[in-house]
Every structure is written in C-alpha cells, then in structure tokens.
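# Chain and residue survey
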Amino acid sequence: MTTQNRRIRRVAAGLAVALAGTLAACAPEPVPVFTPPVVPEIAPPVINEEQATTIFQSVEDAIAAGDATLDVEALRPRVSSLALETRQAEYQLQTATGGTRMPQQLWTDSEIFVISATDTWPRSVLAMSSPKEGTTVRLYLGLVQDGPRDPYRLVAWSRLLPGLETPTVASSDVGSAPLTADSTGFKVTPTEAVAHLADVLSNPASAFAPEFAPDVFREVYAAELASLGSQVTAEGAAVGEVTSSTAPGPVVFAIASAEGGAIIMASVDSTVTMRKTVAGAILNPGAELASLGGTDPIAGAMVATYKQMVTIYVPPASQPEQLIQVLGAERVLTSVTRVD
C-alpha cells in the first residue's frame, strides 16, 4: 500500500468519526420516563408519639392557666366543644361552693396514644393517661385539629370506669382510621349509640338496654336519683317527687379500634326535676342543688341540668354478640332554676 493510500484511509477514518459525532449531536435527547411515587394503601399517622406528647403538654399548660384564674378565655386556644363547656361549668360550681367542689384534675402524661391515619382534616388523637402518683384514676383525652392552620384542641375527656377491659388499639406508628358520627359498619352508628344510651339512662327498662354491657356510670346515675328521691320524704311521707330525662348530645370524637370497633366521645345531657307535691309541706333542696339554686325551701319545683361526657366503645357489626360498653364518664352540674 502506498503512502498516499494510507493517508487517504486515515482521512476517511477521521471523516467517519467526525460524521458519527455530528449525527450523535443532532439526534434527539431520550425522553425521561416519569415514574409516579407509590401511593400507600392507607395514609400514615398524622403525628408521631413525640409530637403527640408535646401537643398534649400544651393542652395541659392551657388548662393550668385557666384553672389558676377560673378564666375560660385562657382555655380557648387549646380547649373547645364539650370540654370547654364542662370546664366552664366546673369553674361556676367551684365559685358557688367556695372551693368545696373543685374541677376534675386533668393531666396528659400518657402511655397510649391512638393517632388517626389520614391525609385530610379533621384529624384526631386519643390519649389514655397514666395514673398520677397517689391515685388510680386514668383519663381519656380526645383532641381534634379542625384544619391545617388550627391547633389540636381538647374536645372531651372522661375518667376511665373501674373494672373494665379497654378495647385493643392500633400502635401509634400504624395509626387508626378516623370515623364520623354517622360511620357505619358497627353494631349501631356512633350517633345511634349515644341516643340509645340516653334512652337507657332515662328508662332502665328501655328496649335498648340489652345492647349495653353493665357499667359503673349507670349505677352511680341511678344511685344519685335514688338519693334525691329520698330527700322528698318527710317523716315517712312523700312531700314531693323526682323525675329525670336525658337527651343525647353531639358526637365530638370518633376513631377506630384495632378490632374494627369504634371509640367515640359524646355527651348525654340530663335534667332532674324535684317538685313539691304537698301544699304547705317544706321541701329543701339537696346541698349540690342548693349551691346553684339557693337554700330556700322549694315552693314549686327546682330543675337541675347536668352535662355528662362519655366515652363509648361500639363493637363492629361482624361481632353481633359483643355489647356496647361505656368506658368512661364525667358528670357536672351546669345549672339550677326554680319554677314556682
């Protein structure tokens, strides 16, 4: 091969490399393929336990500030709904009794958090508090965040009733399904459970009574009515009568248990009437009614209203043999009026 031919071949090879580079430069860029992120089957818990502890401490601090001054306005940033109404009634009773009737002490140190798993609002967290030193009392504390710019607020609380087995709940790192007042899939809806409880309180022989497991709350309620009934008797003769009625209040908190049941918080509001039935007889109000209604004898009737916050477990529809269970309660006298 001559020197000239080798030169030609080298030039040709160089041209081929240059041409390949030019074509590569002119070729379209590969289009990137977008792979959407995997969407989990269920939303994650809205907060973790550390965040929950901080939030509950803020609630406790607000309650402490309100309790120190008996000022309900100090509670509003962190307390609302039934909890706010009940605390206000407790402050009124504390003032009326000169401090002999104090508000229920509230604390938030908790071992168990039930945290809703959702990507929408409202969001909710339920705590079951640990007993304070020197007491066996535990509390249910229900918090709700209405919107992304709202703080979590305490909407209801109740004291755990003794002798009950609490429902199983999902761990806080898994989260629990949020529910509404009309959620289905349970023995009855949350709204129906509260209505049925109110009916049973008004009438222990109610058709709904077989739906409920025994509980201390209803025993205490019946005992208090019996005690008032004994006060309308003078020298062995009845000079008056005691009647009562109970109405269901709103469901303000609802979250699923691990076994598919519902844990709800609501109110059942009661009215108790002590009426004189014998003209000329003297009927004195009991000490608690007298604290808000005065100590003068009852001329016609005295009507007392009570707010009762309750925590209720409603079994899943798949377990028809299970009974509805009242898990916790808090009861406070809210007003007393006289009717002549």
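Residues numbered from 1 in each chain as written. Predicted model: local features only at pLDDT ≥ 70, side-chain atom pairs only at ≥ 80, totals over all residues. Heavy atoms only, no water.

It is worth spelling out the overall build of the protein at this point. When its secondary structure is counted, the protein shows six helices and ten strands. Counting every position in the protein, which comprises 340 residues, the buried fraction comes to 44%. Summarising the internal contacts of the protein: among those between residues at least 6 apart in sequence, 65% fall at separations of at least 24. Accessible surface computed for the protein: about 17300 Å², of which carbon and sulfur atoms make up 56%. (Helix = DSSP H or I, 4+ residues; strand = E, 2+ residues; numbered from the N terminus. Buried < 20%, exposed > 50% of the residue type's maximum accessible area, 1.4 Å probe, protein only. Contact = heavy atoms within 4.5 Å. Areas by Shrake-Rupley, 256 points an atom, 1.4 Å probe, with all protein chains shown as cover.)

Let us look at the pairing of strand 10 (residues 325-339). Where strand 4 (residues 153-160) lies against strand 10, two bridges are found, and the strand directions are antiparallel. Counterpart to leucine 160 in the pairing with strand 10 is glycine 328. (Pairing = 2+ DSSP bridges.)

What follows deals with the packing of helix 4 (residues 190-202) against helix 5 (residues 216-231). Put simply, helix 4 and helix 5 touch, their axes get as near as 10 Å, and they point 35 degrees apart. For the pair helix 4 and helix 5, the sense of crossing is right-handed. Of helix 5, the residues touching helix 4 (which contributes Leu197, Val200 and Leu201) are Phe217, Arg218 and Tyr221. Residues that form the contact of helix 4 with helix 5 fall into these classes: five nonpolar, no polar and one charged. (Axes fitted to C-alpha atoms, helices over the stretch in contact; angles between N-to-C directions. Left-handed = near helix turned anticlockwise from the far one by under 90°. Nonpolar A, V, L, I, M, F, W, Y, C, P; charged D, E, K, R; others polar.)

With that settled, consider unusual backbone geometry. At the junction of tryptophan 121 and proline 122, the peptide bond is cis and its omega measures out at 0 degrees in the coordinates. Residue position: proline 122 is located in the loop between strand 1 (110-115) and strand 2 (123-129). With a phi angle near 55 degrees, leucine 70 is a residue other than glycine that sits in the positive phi range. Residue leucine 70 is classed as partly exposed on the basis of its relative accessible area, which comes to 30%.

The nonpolar side chains of soluble globular proteins are, as a tendency, buried together. Ile47, Leu154 and Phe253 are the most contacted members of the largest nonpolar core, which has 41 residues in total. Apart from the residues within four sequence positions on either side, phenylalanine 253 is in contact with Ser124, Val125, Leu126, Gly142, Leu143, Val144, Val155, Ile263, Ile264 and Met265. Grouped together as the second largest cluster of nonpolar side chains are 27 residues, Leu197, Leu201, Ala256 and Ile312 included. (Core = buried A, V, L, I, M, F, W, Y, C linked by side-chain atoms within 4.5 Å.)

The end-to-end C-alpha distance of helix 3 (residues 81-96) is 23 Å, a good match for the 22 Å that 16 residues give at a rise of 1.5 Å each. Trailing helix 3 by a residue or two, glycine 98 shows a phi angle of about 65 degrees, which is positive. (Expected span 1.5 Å × (residues − 1).)

So, on to the side chain of serine 206. The residue serine 206 is located in the loop between helix 4 and helix 5 in this model. If near-sequence neighbours (up to four positions away) are discounted, serine 206 is found in contact with Asp199 and Val200.

Take the packing of aromatic side chains next. Tallied over the full model, the rule gives one aromatic pair. With a centroid separation of 5.6 Å and an interplanar angle of 45 degrees, the aromatic rings of phenylalanine 56 and phenylalanine 113 are classed as tilted. Linking phenylalanine 56 in helix 2 (residues 49-69) with phenylalanine 113 in strand 1, this pair joins segments that are 57 residues apart in sequence. The pair formed by phenylalanine 56 and phenylalanine 113 is uniform in burial state, with each residue classed as buried. Note that arginine 123 overlies the ring of tryptophan 121, its terminal NZ or CZ placed 3.8 Å from the centroid. Above the ring of tyrosine 306, the side-chain terminus of arginine 331 is found at 3.8 Å from the ring centroid. (Phe/Tyr/Trp six-rings, centres within 6.5 Å; stacked < 30°, edge-to-face > 60°. Lys NZ or Arg CZ within 6 Å of the ring centre and 35° of its normal.)

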